[in-house]
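The chain contents come next:
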Amino acid sequence: QQQYRLVRLAAVGGGFCLITLLMLALSFYFYGSIFRFYDFISFLPPLLLIIIPSFCFSLGLGMTLSSLHGNLIYALMLLVLILCQLPLPAALDFSGIHFFSNYPLTLPLGVDGEPAFALSGAFLGGRLGYTLIGLLLLLWGLRQRQPST
């Protein structure tokens, strides 16, 4: 039973990594071919701040819900879609879409006419909260009984 959960965890993590790498490759190709931009290392901090907390929270909540009842995973899919669309405060912005769309507009412009990359404490706290809650839910979900369907 525990091996089944670990295999499921590895499959979900592996699938997530493959999909993420494919999307990154497509976006890097786009930036390179359209804008002639190749400094992709500068994308690393915001990329990690979005992907890791969202993945941890989704994985932890998914493992917990599926340990309670297998069909609850479908409710989680709807919850993630809703969380990504709602204009939540920076600390609760699940996907970072609203934060990265609105927060730079409040920053002062640099000499090149662009705002310097900066993150608010509320956003960083929210990312840390999503990560910790996700990891705790993951541990709790791995210790639950066999899921029922």
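Anyway, here's the lowdown on the structure attached to this text.

Rules behind the numbers
- Residues numbered from 1 in each chain as written.
- Predicted model: local features only at pLDDT ≥ 70, side-chain atom pairs only at ≥ 80, totals over all residues.
- Heavy atoms only, no water.
- Helix = DSSP H or I, 4+ residues; strand = E, 2+ residues; numbered from the N terminus.
- Buried < 20%, exposed > 50% of the residue type's maximum accessible area, 1.4 Å probe, protein only.
- Lys, Arg positive; Asp, Glu negative; His and termini not counted.
- Salt bridge = Lys/Arg side-chain N within 4 Å of Asp/Glu carboxyl O.
- Polar contact = N/O pair within 3.5 Å; in protein donor to acceptor, adjacent residues only side chain to side chain.
- Contact = heavy atoms within 4.5 Å.
- Patch = residues over 30% accessible without salt bridge, like charges linked within 9 Å, V, L, I, M, F, W, Y side chains within 5 Å.
- Areas by Shrake-Rupley, 256 points an atom, 1.4 Å probe, with all protein chains shown as cover.
- Phe/Tyr/Trp six-rings, centres within 6.5 Å; stacked < 30°, edge-to-face > 60°.

### Observations concerning the side chain of Asp 93
Mapped onto the fold, Asp 93 is located in the loop between helix H3 (72–85) and helix H4 (97–102). Buried charge Asp 93 goes without a salt bridge, the closest partner of opposite sign being Arg 127 at 6.0 Å. Here the side chain of Asp 93 touches His 98 through a polar contact of 3.2 Å, landing on its backbone nitrogen. Each residue touching Asp 93, except ones within four places of it in the same chain, is listed here: Leu 88, His 98, Phe 99, Phe 123, Arg 127 and Tyr 130.

### Considerations on a nonpolar patch on the surface
Residues Ile 19, Leu 22, Met 23 and Leu 26 make up a contiguous nonpolar surface patch of roughly 410 Å² in combined accessible area. As for its position among the elements, Ile 19 is in helix H1 (residues 2–35).

### Concerning the packing of aromatic side chains
If you walk through the whole model with that rule in mind, you get 19 aromatic pairs. Centroid distance Phe 99 to Phe 100: 5.2 Å. Interplanar angle 80 degrees. Geometry classified as edge-to-face. Exposure remark for Phe 99: the relative accessible area of 5% places this residue in the buried category. By relative accessible area, Phe 100 is classed as partly exposed at 29%. Through a chain of ring-to-ring contacts, the aromatic side chains of Phe 28, Phe 30, Tyr 31, Phe 35, Phe 37, Tyr 38, Phe 40 and Phe 43 assemble into a single cluster.

### Thoughts on the side chain of Ser 120
Inspection of the secondary structure puts Ser 120 in the loop between H4 and helix H5 (121–142). A distance of 3.1 Å separates the side chain of Ser 120 from the backbone nitrogen of Phe 123, its partner in a polar contact. Other than its neighbours up to four places away in sequence, Ser 120 contacts Ala 90, Phe 99 and Tyr 103.

So yeah, pure geometry; function would need other evidence.
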